[in-house]
Amino acid sequence: MRDFYEQIVGLPQDDIGSAQRGAAQWLDYPGCVFVKGEFRADAEGPAIAAPGLFISVGFDEADTGRGTLTRSIGERRMGVMAVRESLAVKRSVRCGERPAIGLALPEASIDQLGLGAAFRALFKDEGSGAVIVSRPASARVRAVAAEMFSPPVAGNAARLLLSAHAAEIVVHVLFGECGRIAVDPATDLQRIRLQSVKERMDADLAYPWSIDELARNAGLSRRSFNQKFQIAYGESAIDYLRARRLDTARALLIHQRLSVTEAAYRVGYTHPANFATAFRRRFGHSPSRCQ
């Protein structure tokens, strides 16, 4: 699909420039152009946007521009343009100017993914050649976009991660973010609050956390908090906290050579005997063996 790549990204003599071009790349799967930045799609220009799906996701505070494909995606917003018939646009990509990512999939790639019907369902008006949507991006989409912008790995691993995240964003666009499957904002907010509670526990293992306090921090009842934490992380909050404390204590014993009593206090155990019992239950031996 090199012709599509050149059509969207531009040739070296075009306004994108050779220095910016390195920020864009073609991902064989799911078959799309990926850029760090946003696609521009001004109403008038010399280039042609082929039929396909163009996505921009903003994930942090930044100024909004005029005439972008997303018409100004803003902070934490996602813009989507679906093109059914060739459309005149300005050939330009802004890379690295703001925390945002762009994806462009030709119609052929969408069909190869088996998503052609979902793509064409975006065109509610049979006569429309293009559909533009701008809406807040969910926490999950923002997190995926941020990781695409700054991958935690390099080389082939980074390319694999980019491909997986690009495919996920496309699915969210076609089946969630554009309304084909209802996205419950309350559910998304609960997930954020649960993650915040978990991060608080991780940051202060010595604090005497109680279920009642954790539930209040999450804005949930005690029973609802227990159920939702178990579903989200595969174990109860108390089991998670106990495991984190013991794993951290083991690392302190091995790497910092703390005494058993000191390690126990460091992770929130006030009675070393209780700590030793819990440690033996988790690891099958006494904490003193780690010294």
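This text goes with the structure placed above it.
Numbers given to residues run from 1 along each chain, matching the order in which its sequence is written. Whole-chain, interface and lining totals are the exception, using all residues; otherwise, since this is a predicted model, local features are given only for residues with pLDDT of at least 70 and side-chain atom pairs are given and counted only at 80 or more. With hydrogens and water set aside, each side-chain value is computed from the structure's full complement of heavy atoms.

### Comments concerning the overall build of the protein chain
Alright, step 1. Secondary structure summary: the protein chain contains 12 helices and nine strands in total.
Alright, step 2. Within the span of the protein chain, comprising 291 residues, buried residues form 46% of the whole.
Alright, step 3. Here, two residues are considered to be in contact whenever any of their heavy atoms come within 4.5 Å of each other. Contacts in the protein chain between residues far apart in sequence, at least 24 positions, make up 72% of those at least 6 positions apart.
Alright, step 4. Carbon together with sulfur atoms contributes 49% to the accessible area of the protein chain, which is approximately 14,700 Å² in total. Helix and strand definitions here come from DSSP, where helices need a minimum of 4 consecutive H or I residues and strands a minimum of 2 consecutive E residues; each element is numbered from the N-terminal end. Accessibility here uses a 1.4 Å probe with only protein chains present; expressed as a share of the type maximum, an area under 20% marks a residue as buried, one over 50% as exposed, and anything in between as partly exposed. With residues, only the protein chains shown are counted as cover, and all accessible areas are computed by Shrake-Rupley using a 1.4 Å probe.

### Examining the packing of helix H10 (residues 237–255) against helix H12 (residues 272–283)
Alright, step 1. Axis separation between H10 and H12 bottoms out at 10 Å; the angle between their running directions is 95 degrees. The orientation of H10 with respect to H12, classified from their angle, is roughly perpendicular. On H12, the residues touching Ala-243, Leu-246, Asp-247, Ala-249, Arg-250 and Leu-253 of H10 are Phe-275, Ala-278, Phe-279, Arg-282 and Phe-283. Lines fitted to C-alpha atoms define the axes, with helix axes restricted to the stretch in contact, and inter-axis angles between N-to-C directions lie between 0 and 180 degrees. Oblique is the label for every angle not falling under 35 degrees (roughly parallel), over 145 degrees (roughly antiparallel), or within 65 to 115 degrees (roughly perpendicular).

### Remarks on the packing of aromatic side chains
Alright, step 1. Here a Phe, Tyr or Trp ring, Trp counted by its six-membered ring, pairs with any other such ring whose centre lies within 6.5 Å, and the pair is stacked when the planes are under 30 degrees apart, edge-to-face when over 60, and tilted otherwise. With the rule as written, the count across this model stands at seven aromatic pairs.
Alright, step 2. With a centroid separation of 4.8 Å and an interplanar angle of 50 degrees, the aromatic rings of Phe-229 and Tyr-233 are classed as tilted. On the criterion of helical spacing, the pair formed by Phe-229 and Tyr-233 is a turn pair, its members being four residues apart in helix H9 (residues 222–233).
Alright, step 3. A residue is classified by how much of its surface remains accessible, and Tyr-233, at 27% relative accessible area, is partly exposed.
Alright, step 4. Following the ring pairs from residue to residue traces out a cluster consisting of Phe-225, Phe-229, Tyr-233 and Tyr-240.

### Quick look at the packing of helix H8 (residues 211–218) against H9
Alright, step 1. In the contact formed by H8 and H9, the axes pass within 9 Å of each other and the chain directions differ by 80 degrees. Regarding the angle of H8 to H9, the classification is roughly perpendicular. Where H8 approaches H9, its residues Ile-211, Asp-212, Leu-214, Ala-215 and Ala-218 are matched on the opposing element by Arg-222, Phe-225 and Asn-226.
Alright, step 2. Grouping the constituent residues of the contact of H8 with H9 by class yields five nonpolar, one polar and two charged. When residues are grouped by polarity, Ala, Val, Leu, Ile, Met, Phe, Trp, Tyr, Cys and Pro land in nonpolar, Asp, Glu, Lys and Arg in charged, and all others, Gly among them, in polar.

### Description of the nonpolar core
Alright, step 1. Nonpolar cores were defined as sets of buried Ala, Val, Leu, Ile, Met, Phe, Trp, Tyr and Cys residues, with membership established by side-chain atoms within 4.5 Å. Residues Leu-53, Ile-55, Ile-101, Leu-103 and Met-148 are the most contacted members of the largest nonpolar core, which totals 33 residues.
Alright, step 2. Looking at this core, the elements with two or more residues in it are strand E2 (32–40), strand E4 (52–58), strand E5 (77–83), strand E8 (100–106), helix H4 (116–120), strand E9 (130–136), helix H5 (139–149) and helix H6 (155–177).
Alright, step 3. Among the elements that line this core, the one with the most residues is H6, at six residues.

### Regarding unusual backbone geometry
In terms of backbone geometry, most residues other than glycine have negative phi values and most peptide bonds are trans.
Alright, step 1. A cis geometry characterises the amide bond from Tyr-29 onward to Pro-30, with omega recorded as 10 degrees.
Alright, step 2. Note on placement: Pro-30 falls in the loop between strand E1 (24–27) and E2.
Alright, step 3. For Arg-257, which is not a glycine, the phi torsion comes out positive at approximately 55 degrees.
Alright, step 4. Locating Arg-257 in the fold gives a position in the loop between H10 and helix H11 (260–266).

### Structural notes on the pattern of salt bridges
Side chains bearing opposite charge may pair, as long as their charged atoms lie close to each other.
Alright, step 1. The term salt bridge refers to a pairing of a side-chain nitrogen on Lys or Arg with a carboxyl oxygen on Asp or Glu at a separation within 4 Å. The tally for this structure, following the rule as stated, stands at eight salt bridges.
Alright, step 2. Here Glu-107 and Arg-120 are joined by a salt bridge, their closest N and O atoms 3.1 Å apart. With Glu-107 in helix H3 (residues 107–112) and Arg-120 in helix H4, this residue pair connects regions lying 13 residues apart in the sequence.
Alright, step 3. Accessibility expressed as a relative area gives 22% for Glu-107, which makes it partly exposed.
Alright, step 4. The salt bridge partner of Asp-239 is Arg-242, with a shortest N-O separation of 2.8 Å. Within this pair, Asp-239 and its partner Arg-242 are both found in helix H10, separated by three residues, close to a single helical turn.
Alright, step 5. A single network of salt bridges, built from pairs that share partners, joins Glu-107, Asp-111 and Arg-120.

### A closer look at the environment of Ser-221
Alright, step 1. Tracing the backbone shows Ser-221 in the loop between H8 and H9.
Alright, step 2. Polar contacts, as used here, are pairs of N or O atoms within 3.5 Å; protein pairs need one atom able to donate a hydrogen and one able to accept it. Residues neighboring in sequence count only if both atoms are side-chain atoms. Polar contacts involving the side chain of Ser-221 include one to the main-chain amide nitrogen of Ser-224, which spans 3.1 Å.

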